[in-house]
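Notes for the structure review
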Amino acid sequence: SGTLYLVLSVVSILAADYFIRKHHHYKSGVDTSLLWMAPSFLLIGLNIHLDLNFNTNALILLVATTLITIRYVNHAMTIAALLSFFALLYNIIAQSGEGLRASMPFLLLSVAAAIIMLADKMKRRPAFRFHYNSLLIAKVTGMAILFVSCNYYVVNMAEGVLFPTGLPALITSSGPLFWALTFLIPLGNIAYGIYRRDIVYLRTGLVLLPFLFMT
């Protein structure tokens, strides 16, 4: 049965390629469905055979969705690739020592900021013109993850999971910083978007604004 899912995964990719090349079904819905089926069948088949752990599943999903994003410029796969990457990073840090776990918000924030800057830089290069929208989505997703990684409510909830016996000094002393970032990031995005006339920052800030008030 596991082998059947692996075969279906390969068939899904081949079918998507066939419909795109021969019948011009690019972004028609048919290719999108097949491209989503491919990594899903792959994970099901591999888990039936090997009983993989969370990190391995996240890594496989990251590789599969990244390859599909590069090959087929599928925007939803861009989000899936970034989410699987951050899920993998979160779990690796969560399984590490106390020092690394205590610095998790800062590490996730730094990685998200790096992704935003990298996507912004790549968008300006002609070599990536066909991936412009995927890079734009990667940038917006990175901005959302950056906000979540330092949102006071999210950090507070994560602390209870990562440190059930008590919080280290680094986390305890950083509470005011997370409160400040929770306010500054959405408002900063809006201000920057207005100042630079950048609709991406403006809209992202407006979308994050309700989460600020919810926090």
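Residues numbered from 1 in each chain as written. Predicted model: local features only at pLDDT ≥ 70, side-chain atom pairs only at ≥ 80, totals over all residues. Heavy atoms only, no water.

1. Brief notes about helix 11 (residues 199–214)
The condition is simple: Only runs of H or I of at least four residues qualify as helices and only runs of E of at least two qualify as strands under DSSP, and these elements are numbered from the N terminus. To estimate how far a helix should reach, multiply one less than its number of residues by 1.5 Å. A 1.4 Å probe rolled over the protein chains alone gives each residue an accessible area, and that area as a share of the maximum for its type sets the label: buried under 20%, exposed over 50%, partly exposed in between. Residues count as neighbours in contact if any of their non-hydrogen atoms are within 4.5 Å of one another. Pairing of N or O atoms within 3.5 Å defines a polar contact, subject to two protein rules: one partner must be a possible hydrogen donor and the other a possible acceptor, and residues neighboring in sequence count only if both atoms are side-chain atoms.
The terminal C-alpha atoms of helix 11 lie 24 Å apart, and with 16 residues this matches the ideal 22 Å at 1.5 Å per residue to within 8%. Those residues of helix 11 that sit buried are V200, Y201, T204, G205, L208 and L212. Looking at the packing, one finds that the buried side of helix 11 touches helix 6 (104–123), helix 7 (132–150) and helix 10 (175–196). With a side-chain oxygen lying 2.9 Å from the backbone nitrogen of V200, the N-terminal cap of helix 11 falls on D198.

2. Some details on unusual backbone geometry
Positive phi, close to 55°, is recorded for D51, a residue that is not glycine. Here D51 shows up in the loop between helix 2 (30–50) and helix 3 (54–72). Classification of D51 by relative accessible area gives exposed; the value is 68%. Even without glycine at this site, V73 takes up a positive phi of about 50°.

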